[in-house]
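# Examination of the molecular architecture
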Amino acid sequence: MINAEDALERLKEGNRRYLDAPTSPGDISPEARARTAEEGQSPYAVIVACSDSRVIPEAIFSSGLGELFVIRVAGNVIGAHELGSIEYAADHLGTKLVVVLGHTRCGAVGAALHGHSGGAVDSILADIIPAIGSETDETAASRLNAVFGARKVLSELARLTADGLRVVPALYYTDSGAVEFIS
Ligand SMILES: [Zn+2]
C-alpha cells in the first residue's frame, strides 16, 4: 500500500497532468474495469469533495478506475456518514491519505456566508458556519471550511494516525483547475 507522502505526490502530479491535458487521462478502459473487478480496489487516496458539478476529483487528479475513494457532499462537510466512509477506506482498503477538497465559488459556502437557509440544507450550513467564523471573503471561507473539515476528520479518527493516516485540506480553483494543498 502506498504511504501518505507518496499518495500526496501522486495527487499533485495528477493535477499537473489535468492542467496540461485536453481530456482526462484517467484509465477507465475495459481492461482497467476487468482488472479492478477481478483484483478489487486499493485506492491511493480518499477525497472528500463538494457535489458541485464542476468539481470532479477523478478528472482533477487524472485518475481512473480503482484509484480514488471519493466522498461527495455539498460543502464537503464532515458528518457521520463521511467519517464512516473514511474509516472504511482506511481500515479495509488500506488508504493512508485523506484530502478534504474545498473549492472556489462554492454555493454551500456562499449560502452560509450570506445567511440563506431553510429546509434540509440547514444541516449542511450548520457544519459550515462554525468553520468560517467571521470571514467574509468567499475564497478564504472555502479554505477555512476545508481546514475545519480536515481537523474534524483528524480529531474523530485520531486512532488511524498511528497507522500512518494523514489528512490534508486543499482548495480547488474552479477557474484555473489548480489544487492548492494547505499545510
Ligand atoms: Zn461547493
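I will try to describe carefully the structure that is included in this document. (Residues numbered from 1 in each chain as written. Predicted model: local features only at pLDDT ≥ 70, side-chain atom pairs only at ≥ 80, totals over all residues. Heavy atoms only, no water.)

## Details of the pattern of salt bridges
Throughout the structure, instances matching the rule amount to nine salt bridges. One salt bridge in this structure joins Arg 54 and Asp 52, with 2.7 Å as the shortest N-O distance. Note that Arg 159 and Asp 91 form a salt bridge whose closest N and O atoms lie 2.7 Å from each other. A residue pair is termed long-range when its members are at least 10 positions apart, and Arg 159 in the loop between α7 (138-156) and β4 (166-172) and Asp 91 in helix α4 (residues 80-93) qualify at 68 residues. (Salt bridge = Lys/Arg side-chain N within 4 Å of Asp/Glu carboxyl O. Helix = DSSP H or I, 4+ residues; strand = E, 2+ residues; numbered from the N terminus.)

## Some points on the coordination of the zinc ion
For the zinc ion, the full set of protein donor atoms is Cys 50 (SG), His 103 (NE2) and Cys 106 (SG), at a range of 2.0 to 2.3 Å. Read in sequence order, the donor residues for the zinc ion give the motif C-x52-H-x2-C. One end of the pair, Cys 50, is in the loop between β1 (45-49) and α3 (57-60); the other, Cys 106, is in the loop between β3 (97-103) and α5 (107-114), and 56 residues separate them in sequence. Under the relative-accessibility criterion, Cys 50 is labelled buried at 5%. Relative accessible area serves as the criterion here: at 3%, Cys 106 is assigned to the buried category. (Donors = N, O, S within 2.8 Å, 3.2 Å for Na, K, Ca; no water. Buried < 20%, exposed > 50% of the residue type's maximum accessible area, 1.4 Å probe, protein only.)

## With respect to the packing of aromatic side chains
Scanning the model with the defined rule gives three aromatic pairs in all. An angle of 45° between the planes, with centres 6.5 Å apart, marks the rings of Tyr 18 and Tyr 172 as tilted. Of the two residues, Tyr 18 sits in helix α1 (residues 4-20) while Tyr 172 sits in strand β4, which places them 154 residues apart along the sequence. Look at Tyr 18 and you get partly exposed, because its relative accessible area is 24%. A relative accessible area of 2% means that Tyr 172 is categorised as buried. Ring geometry for Phe 61 against Phe 181: centres 6.4 Å apart, planes inclined by 40°, an arrangement best described as tilted. Here Phe 181 lies in strand β5 (residues 179-181) and Phe 61 lies in the loop between α3 and β2 (68-72), a separation of 120 residues in the sequence. (Phe/Tyr/Trp six-rings, centres within 6.5 Å; stacked < 30°, edge-to-face > 60°.)

## Here's the deal with the side chain of Asn 145
Within the secondary structure layout, Asn 145 lies in helix α7. In contact with Asn 145, not counting residues within four places along its chain, are Gly 75, Asn 76, Val 109, Asp 127, Ile 128, Ala 131 and Ile 132. (Contact = heavy atoms within 4.5 Å.)

## As for the sheet that holds β3
The strand order across the open sheet formed by five strands is β2-β1-β3-β4-β5, and the pairing between neighbours is mixed. In this open sheet, the two strands that pair with only one neighbour each are β2 and β5. The average undirected angle you get between the axes of adjacent strands in this sheet is 25°. Here β3 pairs with β4 via seven bridges, running parallel. Bridge pairing in β4 places Val 100 opposite Pro 169. Lying over the sheet, α1 contacts β1, β2, β3, β4 and β5, oriented at roughly 35° with respect to β3. Here α4 sits on the sheet in contact with β1, β2 and β3, set at roughly 170° to β2. (Pairing = 2+ DSSP bridges. Axes fitted to C-alpha atoms, helices over the stretch in contact; angles between N-to-C directions.)

The analysis is restricted to geometry; functional conclusions fall outside its scope.
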